[in-house]
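Chain by chain, the residues:
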Amino acid sequence: MFDSERDLRRGRVQGFPSTAHPEMAAFLKQTMLELAARQGWSSNNVENVQRGLAIVLALQDTPGAPVRTTEVLRLKQLGLNRTRVLEVCQAAGLLHDDQGPAIDRWVAGAIALLPQQMQSELAHWYSVMASGSKTQPRSKPRSETTIRLYLRWSLPALRTWAATGHTSLREITADEIRAVLPPTGNPRSTMGRGLRCIFRILKAHKLVFLNPLNRIQTGVEATTIPLPLPPTKLREALESTDPATAAVTALATFYGLRTGQLRSLLLTDLHSGYLHLDQRRIPLATPVRDRIKAWLEYREECWPNTANQHLFISRQSATEHRPVGYDWVTRRIGTTTQKVREDRILQELIATNGDLRRICDMFGLTIGGAQRYAAILGLTDLANG
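Residues numbered from 1 in each chain as written. Predicted model: local features only at pLDDT ≥ 70, side-chain atom pairs only at ≥ 80, totals over all residues. Heavy atoms only, no water.

*Asks:* Please explain unusual backbone geometry as it appears in this structure.
*Replies:* Most peptide bonds take the trans configuration, and most residues that are not glycine carry a negative phi. In this structure, Pro137 follows Gln136 across a cis peptide bond, with omega equal to -5 degrees. As for its position among the elements, Pro137 is in the loop between α7 (116-131) and α8 (144-163). Unlike most non-glycine residues, Asp278 shows phi in positive territory, near 50 degrees. Tracing the backbone through its elements, the reader meets Asp278 in the loop between β4 (274-277) and β5 (280-283). Here Gln279, not a glycine, exhibits a phi torsion of approximately 65 degrees, which is positive. Along the polypeptide, Gln279 turns up in the loop between β4 and β5. Looking at Gln279, the relative accessible area reads 88%, which means it is exposed. (Helix = DSSP H or I, 4+ residues; strand = E, 2+ residues; numbered from the N terminus. Buried < 20%, exposed > 50% of the residue type's maximum accessible area, 1.4 Å probe, protein only.)

*Asks:* Help me understand the packing of helix α2 (residues 22-39) against helix α3 (residues 43-58) in this model?
*Replies:* Angle between the axes and distance between the axes are the two parameters that describe a pair of packed helices. Taken N-terminus to C-terminus, the directions of α2 and α3 make an angle of 155 degrees; their axes are 11 Å apart at the nearest point. When the axes of α2 and α3 are compared, the pair comes out roughly antiparallel. For the crossing formed where α2 meets α3, the hand is right-handed. Between α2, through Met24, Ala25, Leu28, Lys29, Met32, Leu33 and Ala36, and α3, the contact on the second element is made entirely by Val46, Val49, Gln50, Leu53 and Leu57. (Axes fitted to C-alpha atoms, helices over the stretch in contact; angles between N-to-C directions. Parallel < 35°, antiparallel > 145°, perpendicular 65-115°, else oblique. Left-handed = near helix turned anticlockwise from the far one by under 90°. Contact = heavy atoms within 4.5 Å.)

*Asks:* It is not clear to me how the pairing of β5 should be interpreted in this structure. Could you clarify?
*Replies:* Regular strands place their side chains on alternate faces of the sheet. Direction of pairing for β4 relative to β5: antiparallel, over a ladder of 4 bridges. Looking at the pairing, His276 lines up with Arg281 of β5. Remark: 2 residues form the turn of the hairpin made by β4 and β5, two consecutive strands paired antiparallel; Asp278 in that turn has positive phi of roughly 50 degrees. (Pairing = 2+ DSSP bridges.)

So this is what it looks like as C-alpha cells:
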C-alpha cells in the first residue's frame, strides 16, 4: 500500500539473495573489469564495486531492468562506493537516473517548510528561472548558480514572513520589506536582489498584485580592494615537502592561475618548458619546473597505472577521469587562489609602476579588470610593504 525504505544493513546479518538475472550480472562485471583496467582501480576498489553491483541486482524489483540511481544510492547504508557502481552502470548503458536534476531537489528542500501557497509561488518562480518563458512576458533561462544565490539570499526574509503568519507573497507590503531588510551593506544589497527578482517574476506572471520593492533602495554590493598576502604565507607552501602543495602553489603564485584552471590542467599542457593555457604560451620559470618535476615523479610513483590525464590528481580521482576538487586546491595552498592571484597582480603592478598592459598579458586580464588593481596605486603602504 505504500513504499518503505529498504534497510540494507539487515543484509549483513541475514545475507542477500542471488540475482534473478545472471546474464546482466555477468555483463556488468565484464564492464566493471574493463573500466577498472582503464582507470587503474586497486583490487580493493574492484571487490567493493563488485559487491555493490551484486547487492543492487539482487534487490531489483524488476530483474533485468535498467538500474535506477536511487537503488544504487542505498549502498550508502553499507559504506560501499556508490560513485563507482553508478559509473559502471552508466558505462554499460544500464543506468536510469530517476533522481532528476540536483537543483530541483535543492529548491524543493529549501522551501519545504514554508506555507503551501508560498511554496507554489516560489515553485513558479523557479520554473521560470530554470526554463525561461516562451510566452509573454518572455525570459531566458538563468544558471543554477544564479537560482541558488537568489533563493539563498531571500530565504531569511521568506522564513521570517512565514513565522509571522503570512501564507502568500501577495500579502507582503513595502513596510514588511523594510522591516526584514538588513540596515546597510552587502547583506541588504544581496537580499534586495533576491527578493526583487522573485517579486518581479511573480508580478509579471500575475501571481502577485505589485512588487513591494519598487520604491525601496537596497544599494549595490561593495567591491573589495585587492590586498597583498603576508610574505610568509606563500613561502611556506612553496617550500613544502609535499610535492603536490609545492607544485600547485608555484603555478598559482608565478602565473596567478585560478582554481578552475589549476584543476583542468592536463599533462599535455606542460611541455618544452612552456605552459600552454587559454591560447597563451607561458615560459616556465626554473623554480616552477623543479616543483612540477618533483610532483610528476611522486605522481608516477604513487599511481603508475592511472588513466587520469589531469596534471593534478588525488587518491580519489586517480581511479577516475575527473579533476581534483576545489577544496583540494585550497587545502594545498592554504588560502584561495583568488587571494594569491590578487597578491601576484599587485606585486607585478607595483614593480612595473602601473603598467596595465603588462599585467593584462601576464595574467589574462581585460583592461577593465586591470583598472580595478590600478586603483590601489595611491596606497603607498602597499608599495612599501
